[in-house]
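Listed below are the residues making up each chain.
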Amino acid sequence: MNTQATQSPQFYLTAPAQCPYLEAERERKVFTHLVGPRANEMNDLLTQGGFRRSQNIAYRPACENCRACVSVRIVAEEFEKPRSLRRILTRNGDLVSSERQAIATAEQYDLFRTYLDSRHQRGGMADMTIDDYAVMVEETHVETRIFEYRASTGRADEEGELVAVALSDVLSDGLSMVYSFFNPAYVKRSLGSYMIIDHVTRAQRLGLPYVYLGYWVKGSQKMDYKKRFQPQEHLTARGWEPAEAEEPVE
């Protein structure tokens with residue numbers, strides 16, 4: 001398969017496979033390669049069109065009989081913080097966040113491995129080695145950052161325990177959260193939600209209007225947490241439209 005950059009991207013369709021979110025469904029994806037000098041521009045356009053990035057691949061669902069996957073983005077400027085989200089901010093007030101180049105470290109991989117072994121033992125990433133992790137982080141032709149979250153030691157010259165990590169793309173109109181993971185031992189911190197709140201705050205500081213969260217899958221309980229972050233827009237056949245607010249999922 002030719003992966004060289006061309007003026008017009010080449011799109012491909014995967015074979016049907018078991019859907020990881022809905023047991024009764026089969027999934028297919030349309031994908032293209034994000035390489036070459038126009039990769040950032042293409043990543044912008046494709047993300048706005050409902051695609052997600054994985055390494056140098058941009059993909060979106062193209063299932064024959066199901067439309068449950070819906071692209072979601074938070075409207076950063078109007079972001080609301082109900083009591084439940086304010087509590088999460090308070091519980092994590094001791095964390096220190098930092099933005100780094102997309103370079104994998106052994107410390108990140110140890111946390112990644114702990115997260116997978118606890119939360120996704122049977123998932124498609126369960127057997128990833130440290131080399132696989134490095135490819136996931138570093139194989140990118142677009143503007144990508146690693147955000148690390150550490151427990152504060154109270155000393156400026158000393159790094160605390162790494163408790164959460166987010167791999168995110170910087171787009172012309174927002175931040176796109178590609179993948180995030182955290183220490184599952186700190187379940188009361190709600191670290192996944194905290195990282196989303198932090199990304200909204202970062203987008204606001206940068207003057208970027210959106211934070212892209214990937215897909216919300218109707219009927220999949222493990223995706224329901226995304227409904228907590230309001231206001232948000234969903235990509236429909238008519239384009240991006242305001243989504244109706246639902247009861248927040250604790």
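Residues numbered from 1 in each chain as written. Predicted model: local features only at pLDDT ≥ 70, side-chain atom pairs only at ≥ 80, totals over all residues. Heavy atoms only, no water.

Peer 1: Help me get a handle on the sheet that holds strand E8 (residues 95-101), residues and values and all.
Peer 2: Through backbone hydrogen bonds, the strands of a sheet pair up, either in parallel or in antiparallel fashion. Read across the open sheet, the 8 strands follow the order E8-E9-E10-E11-E12-E7-E13-E14; overall the sheet is mixed. In this open sheet, the two strands that pair with only one neighbour each are E8 and strand E14 (239-242). Geometrically, the sheet is characterised by an average inter-axis angle of 35° between neighbouring strands, direction not taken into account. Across 7 bridges, the pairing between strand E7 (residues 69-75) and strand E12 (residues 210-217) is antiparallel. In the strand pairing of E12, valine 75 is matched with tyrosine 210. Across the sheet, helix H4 (residues 130-138) touches strand E9 (144-151), strand E10 (162-170) and strand E11 (174-182), and the angle it forms with E10 is around 40°. Along the sheet, helix H5 (residues 191-206) contacts E7, E8, E9, E10, E11 and E12; its crossing angle with E11, the most-contacted strand, is approximately 155°. (Pairing = 2+ DSSP bridges. Helix = DSSP H or I, 4+ residues; strand = E, 2+ residues; numbered from the N terminus. Axes fitted to C-alpha atoms, helices over the stretch in contact; angles between N-to-C directions. Contact = heavy atoms within 4.5 Å.)

Peer 1: Quick rundown of H4? Include the residues and the values.
Peer 2: Regarding H4, the residues found buried are Tyr133, Met136 and Val137. Here the buried residues of H4 occupy an arc of 90° about the axis, which is enough to place them on one side. (Buried < 20%, exposed > 50% of the residue type's maximum accessible area, 1.4 Å probe, protein only. Arc of directions from axis to C-beta.)

Peer 1: Outline the packing of aromatic side chains, listing residues and values.
Peer 2: Considering all chains together, one arrives at 14 aromatic pairs under this definition. When the centroid spacing of 6.0 Å and the interplanar angle of 55° are considered together, the rings of phenylalanine 11 and phenylalanine 51 count as tilted. Note that phenylalanine 11 is positioned in the segment before strand E1 (12-13) and phenylalanine 51 in the loop between helix H1 (39-48) and strand E5 (52-54), a separation of 40 residues in sequence. Judged by relative accessible area, phenylalanine 51 falls into the buried class, the value being 11%. Pairing tyrosine 212 with tryptophan 240 gives two aromatic rings, centres 5.9 Å apart and planes at 75°, and the pair type is edge-to-face. Here tyrosine 212, found in strand E12, pairs with tryptophan 240, found in strand E14; they are 28 residues apart in sequence, far enough to count as distant. Summarising the burial analysis for this pair, tyrosine 212 and tryptophan 240 share the class buried. Over the ring of tyrosine 186 we find arginine 189; its NZ or CZ atom is 5.8 Å from the centre of that ring. (Phe/Tyr/Trp six-rings, centres within 6.5 Å; stacked < 30°, edge-to-face > 60°. Lys NZ or Arg CZ within 6 Å of the ring centre and 35° of its normal.)

Peer 1: Summarise the nonpolar core; cite the residues concerned and give the values.
Peer 2: Ranked by size, the top nonpolar core spans 55 residues in total, and within it Phe112 and Tyr133 carry the most contacts. With residues near it in sequence (within four places) discarded, tyrosine 133 still touches Ala104, Thr105, Gln108, Tyr109, Phe112, Met128, Ile146, Val165 and Phe181. Core analysis: the next-biggest nonpolar cluster, separate from the first, contains 6 residues, Leu34, Met42, Phe51 and Ala58 among them. (Core = buried A, V, L, I, M, F, W, Y, C linked by side-chain atoms within 4.5 Å.)

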